[in-house]
Structures are given as C-alpha cells and as structure tokens.
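An overview of the molecular structure
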Amino acid sequence: MYDRGKIVTGIVIGLLLFLFPVFYNVGRAAKEPDPVLTDKAKQAKECVEPKAFMKTEHMKMLDEWRQEVVRDNLRYYKSTSGKTYYKSLQTTCMDCHSSKTKFCDQCHNYMAVAPYCWDCHIAPKENG
Amino acid sequence: MMAMDRRQFLKIAGLSALLGLGGKTALQLLAPGEAEAALEQATTIAGKKWGMALDVTLLDEEIMSKCIQACHTYYNVPNIGNSKEELKWIWKETYDHSFPGQENEYQADKFKARNFLLLCNHCTNPPCCRACPTKATWKREDGIVMMDMHRCIGCRFCMAACPYGARSFNWGDPRLAPKALNPNFPTNLEIPTRSKGVVEKCQFCAERLAKGQMPACVEAANQIKPGSMVFGDLEVSDSKIRKLLRARYSIRRKPELGTGPNVYYIL
Amino acid sequence: MLDKALKGSPIYWGWLIVLLGFIGTGFLVYLYQFQEGLKITGMSRDVSWGFYIGQFTYLVGVAASGVMVVLPYYLHDYKAFGRVTILGEFLAVGAITMCLLFIMVDLGNLPRLLNVILYPNPTSILFWDMIVLNGYLFLNIIIGWNVLSSERKGIHYPAWVTPLIYISIPWAFSIHTVTAFLYAGLPGRHYWLTAIMAARFLSSAFCSGPAILILLCLIVRKFTKFDPGKDQIRTLSSIVAYAMILNVFFFLLEMFTAFYSQIPGHMHPIVYLFSGLEGHGKLVPWMWTAACFAVLALVLLIVPASRRNEKTLILACISVFISTWIDKGFGLVIGGFIPNPFEKIFEYWPTLPEVVISLGVWAMGFFVLTVLYKIAVSVKQEVAA
C-alpha cells in the first residue's frame, strides 16, 4: 500500500497512546472499596432507603433532592419506610456517614468518579 | 408525599391567622416532628410576597454591623479582604450612595450622617431573572428571587442587569479566602459554601424560612432593638409590615426603574 | 477542499505556526484561569464584564459585516462582488469562532455551558444570542463551502442553498441587534440604556468589518495570485466611509442627549471615559486616541482622492479599526459599569493573563480565517487557470 511506513508507524503510535492507561496501571490493582459505617450509622440500622437501593440510586436521588429543595422548596422526603428526612447531603446524609474518606471516597475513588458536591457542601471534619 | 391530617392543618391555619405572619411562630408552638411535615405545606403556599421594612431611625451602626455579621456568618460568606473580589450579601452605604436619585445637598443632618443597610430588594419585576439564560436565578411564587448554585454558569449577566449592585461573584474559591480575615471559616456547618464561578446574593434566608425562622439579619436586629427590621408578607393587608408602611413614610431604591423593589426604608 | 489548506508556501506555514504558538500559550494560561477562577482577570464586583466580553461585542460586529458584500451581490446583482462574497463569509466564520471562544473563556463555570440549551430561558437575551450566533456560523459555513465547491466544479450551486443565502442577510442584521439588546435592555446601566444602541452597533459593524475585509483583500492580493479586484475594494471603501460617518454621527447624537439634558446618569459615564471622574481616568487617553483616529479615518474616507489611493485607504482602514476597537471593544463595556449603581467609581484594567488568553482566542480566529482563506483563494486560482 502507499506510504506503508508512515501508516504503520502512525497506527502503532496511536495504539500506544490509546492503551496508555493500561500500560500505566499494569501491576497496580486498585484498592478494593471498603466503605466503613460510623457507629451512628450502625445504630440507625437503616439509611434513608434500603442499602441496595441507595447503592444504585443515591446519585439520582441526590440529584432529584437538589432540584426539589432549591427550585421547588420541597425540603422533606418521605421514605418508603414512612420516616421523614430533611433533604440535605451535608446535614442529613453526612450526619450519619460522617467520614467522607472512609465512606464516600472509598467507592468514588475506585470508580474514578469525582462528584463536585463537596466543592460547596461542607464535609464533616474528620479526626486523624 | 407526606400526608397531613385535617387536625394539623386547622391548627396551623388557625394559629397563622391569629399571628398574622405566614405560619412561622405558629409552627414553633407545635411539636417539632409534626411541625416539619406541616411546615412543608405552610411555607409553600402561593400568593405570598415577602418584603422587608427597615426602620432607619432605629437602626444604628452597631445593629447594622450585627446584621451583616449574622448574615455572613450564617451563610459562610467570607471576607475576601479587597473590594475587587468582595462578596457581600448585605452592606452599608451612605445616604447619597444608597439613593443616588435623591441627591439633596441640604438633606437633614440625621440622614446625611448615617449609613443605610442595603441588600437584594427581591424585586417584583426583577431584571436579573429576565436576563439569566439558564433560570439559575428566578422569582419564586412567594416573592423571593432565588439562586440555584447548581445551575449557574457564571456568565454574570444578572450582575449587569441588577440596578442595585446586589449581586456578588465568586472570582476565586471562597474557601481560599484569607484565613487571617476568616478565622472560623466555614462559620456554619449546616449551610454549604459556594464554589468559584457562581453568582450569589441574599435569598431572604429561604432555608431559615422553611424551618420557621426569621431571616438572620431581622433576628439580629430585633434582638437589640425590637421593631427595627420587619419581615413579612406584603400581600396580607394587616400584616405587621403593611401596618408599619401605612403608618410611616418610606422610600425604596430607584423605584423609577419599574423593578418594584420590596425592601422599604422607613425614614 | 480541505486538502487545499495542506499545501502552502513557507510563509503560510510559518504564519500558522506562529498562530499555534499564541493559541498554545493562551490555552495554557486559560488552564490557569480555569484552576484559579476569574480572579486572575481585572474584573471586579463592580466591573463584572471586561475585556473578554468587549472583544466578543466587537467581533460580532465584524461577523455581521459579511452581509455588506452578500447583500449587494445577491439582492442587487452587483456582479463585481462575486469575487469577494466568499471572503466576507469566511471572515464571518472566523469572527464568530472568536465570539464563541470569548464567551467560553469568560464563563465562571464552563463545564455547565450546555445549561443554556438544557434549561433555556426565552426571556434572556443571552439565550437568543446563542441561537443567532450559532445559526449564523452554520449558515456561513454551509453557504460558503457549497458555493465555493460548486464554483470549483464549474456548476451553479444547488438550489437549496439559495433560501439559506436570503435568510443569512436579515440574520446578519439580527445577530448584532440581539447583541446590542444584551446591553440596551438593562435598566440599571445608563450608558447602555439607549434605543440607539442597536443602530450604533450596526453602523460600527459595517465600517469596522468591511475595513478589515479591505485589509484582508490587500493581504490576499500581496501574498497570492488572486486579486479581489480594484472595483470591489473601491465599493467596499465607499461602504466603510458611509458607515463610519453614521457611526460617528450616532455617537454625537448620544453626546447631545447626555449633555443637553444635563442628566447626571447620562453624562457621568461619558465624562468618566473622556475626562475622568473623581480623579479616575484610566481610559481617557484611549478614548481620545479613538476620537482622533475616527477624525483621521473620516477625512481620509470622505475625500475621494485619499479614498481611492490605496496607501491612504490602508491608513484609513487601520484608523477605523483602531477607533472602533477602542470604542466598542473596550470603552463600551467599561463605560456601562462606571460609575457603579452606587455612583462610586471602581476602575478596570485587563491583567496580563487576561490579555494572553485574549491573544490566544484572536490567534485561533486568525488560524481559522487563514485556513479558510487559503482554501478559497486556492480554489479561485484553480478556477481562473
């Protein structure tokens, strides 16, 4: 084919760039997420919704919450278990899950997700 | 949604009518749990028009400073330390600078000398809400001109549109404000800070109203001199604020622009 | 036709590399701004729009000016302009690219840019500005590209292009009217709150844009074998002359209203700009420079001998550019914010990072312009052969 040298070189360089993340991380397994519940969370026994639901839906739920609280002024959430919660990441969720590094960050770091919530919403101070 | 039974509703309605101020003190008399659920219903009633009246004769320098401190403390508004990037939701200006259309070389001494407390007027016809391309600022049904920090793209068109200079922009990260000027930042762990790149301003303490509390500045002022700042519903003709406005002469900032400001200065 | 942009003289490639250098530097400094926030600019709580928005405003005018070659050719059959319509259209593409980039670098929260589309607010002029600017960009790309490639093939452009051409003519007027509305509808800014703002914008657009186009045509003639034509440049210079007269006239109208009425709100911004207020007068030398260049431009353009002489015409076009750039790209935006709503003065001056980023955006626009002009000129040369 025409310009075989250039084309093959280009393909090789392209592949190297494309697969760079793989080469870079070879031999380094990411630390498995190990979210730890605080004593307060353990005592509460249940979150706003069941664990399975929260695992898969907490992002959507928080997104809906921030829309409803700020734009519609609907600040209270009636969970499926009948309890009423004040919709707030900072004062409700993180009241129980008060360690961002030991809880939230565990899965987020593993998944390489960086939600910008905490740019504004204050994460509770962590000791040590 | 939560269900409110008839008894709770009648309790709130009755007490609200009695105290003439949208359910705030009424709810404080109910048990906290019921109050929260019932509160939801009460504060989202349509047709309200929140307004504020400042009795200039009663507000002195000390009270005004306390108001500013209460607001900026509650909402984690840092002191940036320079007027280029400053953030202020409520602040003081002299008579000439507060009411530029009312120049009066021979104005009464007691007004020439004093400062006035300025904040967002939560206009009835706000040009900022017209201007915002994403509706990140909009006028709620209860009259509050609200900010949605999640949606603001930081275009600052609202700042150009506001005739009152009520809006501030986060030119940098507010959490990086000089520590020497903000030793206990953030001062309120219940309220978020903002991030860089969004506009902010007074929101008539929407979060506090939802919990049945008066705006921070009003509470601070009335603690020192009761009646110096009145916050209430301008639509309710026998509300405290309406009664005060009927009895005393008041002015507003730049009313000729048709914005319909809802902050009144009682002279 | 893009392949036409890949073959060029050393000067062509040298120029592109210089531009890439500016673009790269501008980009790196923008990353710094993205990290630190807009505090690295000279903008402040009182002057919340500055150099970026000023440049955006100026360049919308340049983009709109494409209609000054399109309208005579397509609506009035002025066949001579057939040689230069593509240059006008591609100038519009380059200018709009810069406009959009300037808006983007000015945003406090760029990742949320799509919110304007996801959560539109039809009462917001910025929303309509986004629509008309992007629409005009696509119109010019589609029209220019299709007309050029048809010319290359020696056939008439396809029938579906014709309605687009006709739409682009009022659309060009609309983009600058909408941009003027950004300013002219704000109740608190007395320098801007004037019905004549849109008329001023259009008149300054129609002198600055064609002036730039004349200069570009002369550069094209110098560096390539394509000659846009003496008659074409002569007609363009007449357009610049009349538009500049209107532009200055409109400004004088503003002065009359402000100073005869003696209303402080009207007078203060102009006094600040031309004479200084309360000891603040950073912009005074600039505004008087603009005024002097405006007078020089008018003299050179009105006197037929100097308008027809290419050397003096070049000087006239540069004068128009300097004068309108200072007035619109700088004085207009700053004057609206000073004095502030409390009748206090807080001055503005762009910082070095702000200027470097702006240069990067200008370089990007010139890059697009160079590539597109290279294609257009190469095709025209090919057809002429």
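The structure presented is a predicted model; accordingly, all values stated were derived computationally and were not measured.

1. What to know about the overall build of chain A
When helices and strands are counted, chain A shows seven helices and two strands. Mapped from its N terminus to its C terminus, chain A presents α and β elements in the order α-α-α-α-β-β-α-α-α. The C-alpha radius of gyration computed for chain A amounts to 22 Å, which surpasses the reference 14 Å derived for 128 residues by more than 25%, pointing to a less compact arrangement than a globule. The C-alpha extent of chain A, read off along each of the three principal axes, is 70 × 35 × 25 Å. Counting only contacts in chain A whose residues sit at least 6 apart along the sequence, the fraction spanning at least 24 positions is 57%.

2. Focus on the domain arrangement of chain C
The figure often quoted for interface size is the accessible area lost as the parts come together. All names here are of chain C. When its domains are assigned, chain C resolves into domain 1 (1–43 + 50–184 + 352–385) and domain 2 (187–210 + 230–350). Computed from C-alpha atoms alone, the centre-to-centre distance between domain 1 and domain 2 is 23 Å. Taken together, the contact between domain 1 and domain 2 spans 29 residues of the former and 27 residues of the latter. Secondary-structure elements contributing two or more residues to the side of domain 1 that touches domain 2 are helix H2 (51–64), helix H7 (161–184) and helix H14 (352–384). The element best represented in the side of domain 1 that touches domain 2 is H2, accounting for nine residues.

3. Focus on the interface of chain C and chain B
Residue-level contacts link 31 residues of chain C with 40 residues of chain B. If you list the elements that add at least two residues to the side of chain C that touches chain B, you get helix H5 (115–118) and helix H6 (125–153) of chain C. Here the side of chain C that touches chain B is built from residues that sort into 13 nonpolar, eleven polar and seven charged.

4. Regarding the sheet that holds strand E8 (residues 229–233) of chain B
Residue and element names in this part refer to chain B. Here four strands make up an open sheet; going across it, the order is E8-E1-E10-E9 and the pairing mixed. Every other strand in the sheet has two partners, leaving E8 and strand E9 (250–251) as the edge strands with one partner each. Across four bridges, the pairing between strand E1 (residues 50–55) and strand E10 (residues 263–266) is parallel. Residue Leu-54 lies in a different strand from E10, and its bridge partner there is Tyr-265.

5. As for helix H1 (residues 10–36) of chain C
All names here are of chain C. Taking 1.5 Å of rise per residue, the 27 residues of H1 would be expected to cover 39 Å, and the 39 Å separating its terminal C-alpha atoms lies within 8% of that figure. Among the residues making up H1, those that are buried are Leu-19, Ile-23, Gly-26 and Val-29. Looking at the packing, one finds that the buried side of H1 touches H14.

6. Examining the pairing of E10 of chain B
All names here are of chain B. Where burial is concerned, the two faces of E10 agree: the one with Val-263 and Tyr-265 and the one with Tyr-264 and Ile-266 are both buried. Across two bridges, the pairing between E9 and E10 is antiparallel. Each residue of the ladder has a partner; that of Ser-250, found in E10, is Ile-266.

7. Here's the deal with the nonpolar core
Counting 191 residues, the largest nonpolar core has Cys-67 and Ile-90 of chain B together with Ala-63, Cys-99 and Val-240 of chain C as its most contacted members. Ignoring anything within four residues of it in the chain, the contact list for Cys-67 of chain B reads Ile-90, Leu-117, Cys-217, Ala-220 and Ala-221 of chain B. Residues Val-48, Trp-65, Val-69 and Tyr-77 of chain A belong to the second largest nonpolar core, which totals five residues.

Calculation criteria
- Residues numbered from 1 in each chain as written.
- Chains lettered and ligands numbered in written order.
- Predicted model: local features only at pLDDT ≥ 70, side-chain atom pairs only at ≥ 80, totals over all residues.
- Helix = DSSP H or I, 4+ residues; strand = E, 2+ residues; numbered from the N terminus.
- Rg over C-alpha atoms; globule rule 2.2 N^0.38 Å.
- Contact = placed C-beta atoms within 7 Å.
- Domains from an automatic or database assignment.
- Nonpolar A, V, L, I, M, F, W, Y, C, P; charged D, E, K, R; others polar.
- Pairing = 2+ DSSP bridges.
- Expected span 1.5 Å × (residues − 1).
- Buried ≥ 20, exposed ≤ 12 C-beta atoms within 10 Å, placed from the backbone.
- Core = buried A, V, L, I, M, F, W, Y, C linked by C-beta atoms within 7 Å.

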